[in-house]
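# Chain and residue survey
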There are 2 protein chains.
Amino acid sequence: MPRRVIAYDREMRWAPDARGRLERAAFELFSERGFEAITIPEITARAGLTTRTYFRYFADKREVIFWGNEVPEAAASLIAAAPSDLDPVEVIRLVLHDIATSQFDGHREQTAAWRRIINANNSLRDRDARKRADLVRAARAAFIERGEPALHATVLAELGVLVFQVALEEWVAEQEPRPMAGTIDDVMTLLTVDAQVGS
Amino acid sequence: MPRRVIAYDREMRWAPDARGRLERAAFELFSERGFEAITIPEITARAGLTTRTYFRYFADKREVIFWGNEVPEAAASLIAAAPSDLDPVEVIRLVLHDIATSQFDGHREQTAAWRRIINANNSLRDRDARKRADLVRAARAAFIERGEPALHATVLAELGVLVFQVALEEWVAEQEPRPMAGTIDDVMTLLTVDAQVGS
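Since the structure is predicted, the reported quantities are computational estimates derived from the model, not experimental observations.

For the rest of this paragraph, the subject is the overall build of chain A. In terms of helices and strands, chain A carries ten helices and zero strands. Burial status across chain A gives 55% buried among its 199 residues. Sequence-distant contacts in chain A: of pairs separated by 6 or more residues, those separated by 24 or more amount to 65%. For chain A, the accessible area works out to roughly 9,200 Å², and carbon and sulfur atoms hold 53% of it.

Given below as C-alpha cells:
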C-alpha cells in the first residue's frame with residue numbers, strides 16, 4: 001500500500017530507489033506465490049540487488065511490507081494543524097479525508113492486493129495490528145497536544161483509527177470504485193447512529 | 001490476565017493443572033525478569049514440569065500468555081443471548097459488564113501485571129493486537145447473526161472491542177480500585193459525546 005507522504009530517501013546514493021525496487025519485487029512475489037513461500041534471496045534476485053542491501057533497509061521479511069511511519073506521522077501532523085476550534089470528530093474527518101486523498105485514492109487495486117497478502121498470514125496480521133496500535137499512539141499524543149484530557153484523547157484516537165481501518169477494508173472491497181472519503185463518511189455516519197447510546 | 005469462562009481442562013489426566021502451573025510460573029518469571037530474559041526450560045523448571053509438557057499446551061513462549069479463546073467465545077455467546085429488541089449499543093454495554101464481572105473484577109493487580117509485561121515487548125504487543133482482531137471477528141459474526149448488515153456489524157464489533165480495550169487499560173491504571181463496569185460506562189459516555197458528529 002502507498003505509504004510515502006514525503007518522497008525522500010537518504011539511501012539513494014547506494015542504489016537508486018533500492019527500497020522501492022525491493023518493495024515492488026516483494027509485492028510481485030507475494031502476490032504470485034504468497035508471503036510464506038517466498039525467501040529474501042528470491043526478493044533480492046527479482047530486484048537485482050543483494051541480500052546485504054535488503055538488510056540495510058529491512059530487519060526481516062515482514063518489514064518490506066510495514067516499513068515507514070508515514071501514516072502515523074502524517075496523522076499526528078494533520079491533527080496538530082487542524083483549526084483549534086474544530087469539533088474533535090470533525091478533526092478526525094478532516095485528517096482521514098486528507099490521508100485518503102494523498103495516500104490511497106488512485107491505488108485501490110494495489111492496496112487491495114496488499115490487504116489480501118496481509119490478511120492471509122497470522123504473522124502479518126500481528127504486525128499490521130501493531131501498526132494500527134502505533135497509529136493510535138501517535139494520534140492520541142496529537143489530541144493531548146490539542147488540549148484533550150488523556151482518556152478523551154485515547155477514545156478519539158481509537159475512534160479515528162477504527163474509522164480508518166474499517167473504511168480501508170470496506171473501500172477495497174466495494175464493487176464500484178470511488179474516492180475513499182465517501183467510504184469514510186459512510187462509516188462515520190453509521191458510527192454516529194450506533195453511538196447514540198440509549199436513544 | 002484471567003481468561004477462563006468455563007473451568008475445564010481436558011488435559012488434566014496428564015498432569016493436574018499443568019497448564020495453570022505453567023501459566024503461573026511464566027507470570028512470576030516474566031514479572032521478575034521480563035519476557036525476553038526468560039527461557040521455556042526456566043518456566044518448566046519453576047513449574048516442576050518438562051519442556052515436552054510445555055509444548056503439549058503451548059506452541060511457543062508467547063502462547064502461555066495468550067492461550068484460550070474464552071473472551072471471544074464468551075463475547076459471541078453473550079451477544080447472541082442478549083434480548084433481540086435491545087439497542088445494539090446497549091448489547092455492547094451488557095456484554096462488557098458481564099465479561100468485566102466474570103473475568104476481571106477481583107483480579108485487577110494480576111491484570112495490571114500482565115498488561116505491563118505485554119506492553120513492554122513488541123512481539124507480545126503484536127500478538128495482543130491480533131487477539132483483539134480475533135475478538136472483533138467473533139463479535140462481528142455474532143452481530144451479523146442478530147441481523148445487523150455486514151458493515152454495521154463491523155462497526156459495532158470494533159466499537160465494542162474499542163470500549164473494552166480502552167476501559168481495560170484505564171481500569172488497571174486507576175488510583176482507586178472499583179468494579180470495571182464503572183470504567184466501561186465512563187468510556188461509553190465519552191464515546192457517545194464524541195461521536196455526536198457535527199452536533
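Under the counting rule described, the total for this entry stands at twelve aromatic pairs over all chains. Measuring from ring centre to ring centre gives 5.2 Å for Tyr-54 of chain A and Phe-58 of chain A, while their planes differ by 55°; the resulting arrangement is tilted. The class for Phe-58 of chain A is buried, based on a relative accessible area of 1%. Taking the centre distance of 6.2 Å and the plane angle of 45° together, the rings of Tyr-57 of chain B and Phe-58 of chain B count as tilted. Through a chain of ring-to-ring contacts, three or more aromatic side chains come together here, namely Tyr-54, Phe-55, Tyr-57 and Phe-58 of chain A. Residue placement shows Lys-61 of chain A over the ring face of Phe-35 of chain A; its charged tip is 4.2 Å from the ring centre.

Aligned on chain A, chain B shows an RMSD of 0.0 Å; the corresponding rotation is 180° and the shift along the axis is 0.0 Å. In the structure described here, the two chain copies are related by an operation that fits a two-fold rotation axis. Of the residues that chain B buries at the interface, 100% are likewise interface residues in chain A, meaning the two copies contact each other through the same surface.

Residue and element names in this part refer to chain A. The interhelical angle for the contact between helix α8 (residues 122-145) and helix α9 (residues 150-173), taken along N-to-C directions, is 135°, at an axis separation of 8 Å. As the angle between them shows, α8 and α9 are arranged oblique. α9 is crossed by α8, and the crossing has right-handed handedness. Contacts between α8 and α9 pair Asp-128, Arg-132, Leu-135, Val-136, Ala-139, Arg-140, Phe-143 and Ile-144 from the former with Ala-150, Ala-153, Thr-154, Leu-156, Ala-157, Glu-158, Val-161, Leu-162, Phe-164 and Gln-165 from the latter. Looking at the contact of α8 with α9, its residues break down into twelve nonpolar, two polar and four charged.

With that settled, consider the pattern of salt bridges. Residue and element names in this part refer to chain A. In total, this model carries 32 salt bridges over all chains according to the counting rule given. In this structure, Glu-63 and Arg-127 form a salt bridge, with 2.8 Å as the shortest nitrogen-oxygen distance. A residue pair is termed long-range when its members are at least 10 positions apart, and Glu-63 in helix α4 (residues 63-66) and Arg-127 in helix α8 qualify at 64 residues. Comparing Glu-63 with Arg-127, the two get one shared label, buried. The closest approach of N and O atoms between Asp-185 and Arg-93, which form a salt bridge, is 2.8 Å. Taken together, the positions of Asp-185 in helix α10 (residues 180-194) and Arg-93 in helix α6 (residues 88-104) put the pair 92 residues apart, joining distant regions of the chain. Taken together, the shared-partner salt bridges in this structure form one network comprising Glu-28, Glu-32 and Arg-46.

Here the focus is the interface of chain B and chain A. One widely used convention gives an interface's size as the accessible area the parts lose upon coming together. With 35 residues of chain B at the contact, the number on the chain A side is 36 residues. A combined buried area of about 3,400 Å² lies between chain B and chain A, and 60% of that area is made up of carbon and sulfur atoms. Note that Arg-125 of chain A and Asp-134 of chain B form a salt bridge whose closest N and O atoms lie 3.2 Å from each other. On inspection of chain B and its partner chain A, the count reaches ten residue pairs in polar contact (both at pLDDT 80 or more). For the side of chain B that touches chain A, the elements supplying multiple residues, two or more each, are α6 (88-104), α8 (122-145), α9 (150-173) and α10 (180-194) of chain B. A per-class count over the side of chain B that touches chain A returns 14 nonpolar, seven polar and 14 charged.

Tracing the chain through its elements places Gly-106 of chain A in the loop between α6 and α7 (108-119). Considering only alpha carbons, one finds Gly-106 of chain A and Phe-58 of chain A, 48 residues apart in sequence, at a separation of 26 Å.

Residues and elements named next belong to chain B. By secondary structure assignment, the location of Glu-73 is in helix α5 (residues 70-81). What makes Glu-73 exposed here is its relative accessible area of 52%. Sequence-wise, Glu-73 and Met-188 are 115 residues apart; in three dimensions their C-alpha atoms are separated by 22 Å.

Attention now moves to the nonpolar core. Met-180 and Ile-184 of chain A together with Met-180 and Ile-184 of chain B are the most contacted members of the largest nonpolar core, which totals 78 residues. Each residue touching Met-180 of chain B, except ones within four places of it in the same chain, is listed here: Ala-100, Phe-104, Asp-105, Phe-164, Ala-167, Leu-168 and Trp-171 of chain B.

Okay, the packing of helix α7 (residues 108-119) of chain B against α9 of chain B next. All names here are of chain B. At a minimum axis distance of 9 Å, the contact between α7 and α9 shows a crossing angle of 115°. As judged from the angle between their axes, α7 and α9 are roughly perpendicular. Helix-helix and strand crossings are classified by hand; for α7 and α9 the assignment is left-handed. In contact with Arg-108, Thr-111, Ala-112, Arg-115 and Asn-119 of α7, α9 contributes Gln-165, Leu-168, Glu-169, Trp-171, Val-172 and Ala-173. For the contact of α7 with α9, the per-class residue count stands at five nonpolar, three polar and three charged.

How each quantity is defined
Residues numbered from 1 in each chain as written. Chains lettered and ligands numbered in written order. Predicted model: local features only at pLDDT ≥ 70, side-chain atom pairs only at ≥ 80, totals over all residues. Heavy atoms only, no water. Helix = DSSP H or I, 4+ residues; strand = E, 2+ residues; numbered from the N terminus. Buried < 20%, exposed > 50% of the residue type's maximum accessible area, 1.4 Å probe, protein only. Contact = heavy atoms within 4.5 Å. Areas by Shrake-Rupley, 256 points an atom, 1.4 Å probe, with all protein chains shown as cover. Phe/Tyr/Trp six-rings, centres within 6.5 Å; stacked < 30°, edge-to-face > 60°. Lys NZ or Arg CZ within 6 Å of the ring centre and 35° of its normal. Least-squares fit on C-alpha atoms with pLDDT ≥ 70 in both. Axes fitted to C-alpha atoms, helices over the stretch in contact; angles between N-to-C directions. Parallel < 35°, antiparallel > 145°, perpendicular 65-115°, else oblique. Left-handed = near helix turned anticlockwise from the far one by under 90°. Nonpolar A, V, L, I, M, F, W, Y, C, P; charged D, E, K, R; others polar. Salt bridge = Lys/Arg side-chain N within 4 Å of Asp/Glu carboxyl O. Buried area = accessible area lost by both parts, 1.4 Å probe. Polar contact = N/O pair within 3.5 Å; in protein donor to acceptor, adjacent residues only side chain to side chain. Core = buried A, V, L, I, M, F, W, Y, C linked by side-chain atoms within 4.5 Å.

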